[in-house]
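Here are the chains, one letter per residue:
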Amino acid sequence: IKARKKRFKTRYKMQERTLGFALQPAFAMLQGSVVGGAFDNGFAFTARFIAQVSPANQIFLDIGYSRHDMKNPRPMFFRTAVTENSGFSGQLEIINPAIFAAFTFPVGATARSKPMFIPKTYVGMGPMYTTAEGRVTNSGSKGTVTGHGTQPFLQFTPGLGMDVRTL
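Everything numeric here is computed off the predicted structure, so don't read it as measured data.

Draft legend 1. How the structure looks around the packing of aromatic side chains. Counting across every chain of the model gives six aromatic pairs. For the ring pair Phe21 and Phe49, a centre distance of 5.0 Å and an interplane angle of 45° mean the geometry is tilted. Of this pair, Phe21 sits in strand S3 (residues 19–28) while Phe49 sits in strand S4 (residues 42–54), and the two are 28 residues apart along the sequence. Ring centres 5.3 Å apart and planes at 75° place the aromatic pair Phe27 and Phe43 in the edge-to-face group. A residue pair is termed long-range when its members are at least 10 positions apart, and Phe27 in strand S3 and Phe43 in strand S4 qualify at 16 residues. Every member of this aromatic cluster is reached through a ring pair, and the members are Phe60, Phe100 and Tyr122.

Encoded structure:
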């Protein structure tokens, strides 16, 4: 409330949340003939930590995780004789932390009301760690064969998004 020369004028400044946290479920679809052929698509989740640095800019840190079960060992164990009598098990785990900078466009915001829809553009970068392991039993004359590997990547993610205010 601002008072000036015996007149009182009420002004409300729009209060924005400066820090936030979100859990986002997702469905991860694997691409490529080797990885997509060897492992199933599956559910994933992302933990997002949000910091509002100005009315229109956000920075957020994502930590994503997904796990995928093996559906066919042939693409991953291409040097191994996988027979009809072979049994297999294995999984692929993906951990992908990334930091993003986002510019938001609060449509319809005034000093007295908050917008319901907030479109945003964002760009982010971060490492992606993948760990795959598998086991094939009755693998021809070799018996049981196991394999595992870890592969780091660097991801670059541009995009468009939409926040919807519920409160």
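Draft legend 2. Spotlight on the sheet that holds strand S6 (residues 87–104). Strand order in this open sheet of six strands is S3-S4-S5-S6-S7-S8, and the pairing throughout is antiparallel. On the outer flanks of this sheet lie S3 and strand S8 (145–164), each paired with one strand and no other. Shown here is a sheet whose adjacent strand axes are inclined to one another by a mean of 15°, direction ignored.

About the criteria used
Residues numbered from 1 in each chain as written. Predicted model: local features only at pLDDT ≥ 70, side-chain atom pairs only at ≥ 80, totals over all residues. Heavy atoms only, no water. Phe/Tyr/Trp six-rings, centres within 6.5 Å; stacked < 30°, edge-to-face > 60°. Helix = DSSP H or I, 4+ residues; strand = E, 2+ residues; numbered from the N terminus. Pairing = 2+ DSSP bridges. Axes fitted to C-alpha atoms, helices over the stretch in contact; angles between N-to-C directions.

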